[in-house]
Amino acid sequence: MLTAEENETLTRTGPDTLMGRVMRSYWQPALLAREVQEPGGPPVRVKILGEEFIAFRDTEGQAGLIDPRCPHRGADLFFGRNEKGGLRCAYHGWQFATSGACIDIPTSPPDIGARIKPKAAIRSLPVAERGDIIWAWMGATAPEPFPQLEFTTVPAANRYVSKKLQQCNWAQAVEGGLDTAHFSYLHAGIRDDERISMLAAGPKPNPLATGQNEPPQIASFRWMIEDSMPRFSVFDHDAGFLICAARKTDDDSQYWRCTQFLMPNHSLAPGSWPGGLQQGQTWVPIDDHHCWIYCFAWYPDRPMADDERRRLSRGFGIFAEIDQGFVPVRRRENLYLLDRHKQKTSAFTGIDGISEQDAAIADSQGYIHDRTRELLGQTDLGVVKFRRTVLAGADAVKAGHAPRGARSPAAYAVHSGDLITAAGEELAGVLPTRFPHLEAAPHHR
Ligand code: FES
Ligand SMILES: [Fe+2]
């Protein structure tokens with residue numbers, strides 16, 4: 001539970017807010033690189049942290065994010081023409097480079113134009129193109145070094161990156177990503193009126209889904225359904241924290257799902273085993289009632305097959321089924337195509353898709369979840385830890401300091417994933433082997 005004031009601090013991200021300043025202390029995804037793929041192609045509107053910009057790629061291939069208002073008479077540069085050198089306003093032809101510099105004023109004689117040009121420069125954001133995303137620096141200070149998120153450093157052939165609209169405040173959507181306890185219900189399937197793993201709920205049950213030969217990659221889905229009271233351990237590090245949730249297995253060993261939260265708005269999802277697919281999400285406020293969730297999946301050591309990339313692009317796991325504008329097909333306006341018959345017979349929610357189930361329930365908390373009215377329990381530890389960590393960031397910027405991780409780019413080169421500890425084995429002892437990137441021993445909290 002938070003006070004009303006804490007809830008305001010956590011959820012408001014406009015330019016003059018504390019959390020807005022926290023967000024602006026880090027590089028933020030502004031749009032997918034493929035949204036402005038073609039040099040000299042059409043500009044697109046971008047809204048991020050309550051501020052509006054025009055994104056375009058100039059004829060040389062450089063991406064830029066500039067203020068949408070032409071300084072001449074305020075026309076919207078979205079209507080501009082993308083020409084050699086930059087975007088030309090459709091009203092009287094003033095032209096702007098990706099740097100925001102006004103480079104041509106055809107309405108004035110050259111001597112007068114030369115005097116006006118410096119005054120006509122418009123705001124432009126520093127950009128970095130990494131991991132198939134165009135990132136923006138929105139802070140008032142010079143950009144910090146780019147965080148070494150692994151999906152941005154592997155070859156493009158190893159990854160798939162997309163985004164999806166979420167129709168609620170960013171913070172409750174992040175909380176959903178850190179709340180592993182909901183897997184036992186929200187993502188459960190139904191058969192013969194019993195909750196089962198969704199993996200076994202499909203039309204063709206996996207023959208390995210029961211019995212002695214069941215590998216942990218399959219059995220883990222069942223363990224998540226069977227044990228709805230996971231127990232948590234949290235390890236702080238320089239960019240955020242690793243939160244591990246233990247569930248009972250079929251013997252005395254423990255099944256752990258370890259999730260990374262990285263300041264201020266990234267999470268790396270559990271559900272991967274060594275050599276397997278890594279997945280993560282970044283929640284970027286559009287305004288305080290909507291966010292873009294950037295979704296990335298990658299193999300650290302090998303290319304992704306085309307059919308796997310295709311499967312993710314159609315909606316799978318954290319990837320939603322989306323339309324051309326990255327809006328989920330199942331969304332607020334159509335009640336996520338909730339099917340009450342399905343809810344009785346095959347899926348606990350009656351909604352298709354893990355991502356859509358997450359989205360529906362986060363939206364259902366309201367556009368901004370009222371955290372003054374909650375009854376939190378021990379399985380909500382990840383949620384509580386997230387709030388404490390980002391609110392500490394707000395305290396830091398208030399005191400004039402950089403929030404955690406903002407100046408520690410190497411601390412972002414981490415993994416999440418699953419592991420099993422034998423009976424009596426300490427998690428902290430196993431972590432350095434399973435997650436060798438945790439160079440210094442993490443601090444147990
Ligand atoms: S309003 Fe843009 S050139 Fe006149
Ligand atoms: Fe979920």
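This one's a predicted model, so the numbers in the text were calculated from it and none came from an experiment. (Residues numbered from 1 in each chain as written. Chains lettered and ligands numbered in written order. Predicted model: local features only at pLDDT ≥ 70, side-chain atom pairs only at ≥ 80, totals over all residues. Heavy atoms only, no water.)

Binding of the iron ion (ligand 2) to the protein goes through His182 (NE2), His187 (NE2), Asp358 (OD) and Asp358 (OD), at separations of 2.0 to 2.6 Å. Note that the iron ion (ligand 2) binds four donor atoms; their angles at the metal cover 54 to 149°, and the shape is irregular. Between consecutive donors of the iron ion (ligand 2), the numbers of intervening residues give the motif H-x4-H-x170-D. Placement of the pair is His187 in the loop between α5 (170-178) and β13 (188-191) and Asp358 in helix α9 (residues 354-364), with a sequence separation of 171 residues. Residue His187 is classed as buried on the basis of its relative accessible area, which comes to 2%. (Donors = N, O, S within 2.8 Å, 3.2 Å for Na, K, Ca; no water. Tetrahedral: all angles 85-135°; square planar, octahedral: opposite > 155°, others 65-115°. Helix = DSSP H or I, 4+ residues; strand = E, 2+ residues; numbered from the N terminus. Buried < 20%, exposed > 50% of the residue type's maximum accessible area, 1.4 Å probe, protein only.)

Moving on, we come to the domain arrangement of the chain. Once the domains are mapped, the chain shows domain 1 (31-136) and domain 2 (150-444). Using C-alpha coordinates to define each centre, domain 1 is positioned 37 Å away from domain 2. Across the boundary between the two partners, domain 1 contributes 13 residues, which contact 15 residues of domain 2. With both sides pooled, the region where domain 1 packs onto domain 2 buries about 1200 Å², and carbon together with sulfur makes up 62% of that total. (Domains from an automatic or database assignment. Contact = heavy atoms within 4.5 Å. Buried area = accessible area lost by both parts, 1.4 Å probe.)

Okay, helix α1 (residues 4-11) next. Burial in α1 covers these residues: Asn7, Thr9, Leu10 and Thr11. Looking at the buried side of α1, the elements it contacts are α2 (18-23), α5 and α10 (381-398).

This part is about the packing of aromatic side chains. Taken as a whole and judged by the stated rule, the model has 16 aromatic pairs. A ring pair is formed by Trp27 and Phe146, whose centres lie 5.9 Å apart and whose planes are at 55°; its orientation type is tilted. Of this pair, Trp27 sits in the loop between α2 and β1 (28-32) while Phe146 sits in the loop between β11 (133-136) and α4 (150-153), and the two are 119 residues apart along the sequence. With respect to burial, Trp27 and Phe146 carry one shared label: buried. With a centroid separation of 6.2 Å and 40° between ring planes, the pair formed by Phe296 and Trp298 is classed as tilted. Using a relative accessible area of 1% as the deciding quantity, one classes Trp298 as buried. Its guanidinium or amino end placed over the ring of Trp292, Lys163 lies 4.0 Å from that ring's centre, counting from NZ or CZ. Here the guanidinium or amino end of Arg302 rests over the ring plane of Tyr299, the centre of that ring lying 3.8 Å away. (Phe/Tyr/Trp six-rings, centres within 6.5 Å; stacked < 30°, edge-to-face > 60°. Lys NZ or Arg CZ within 6 Å of the ring centre and 35° of its normal.)

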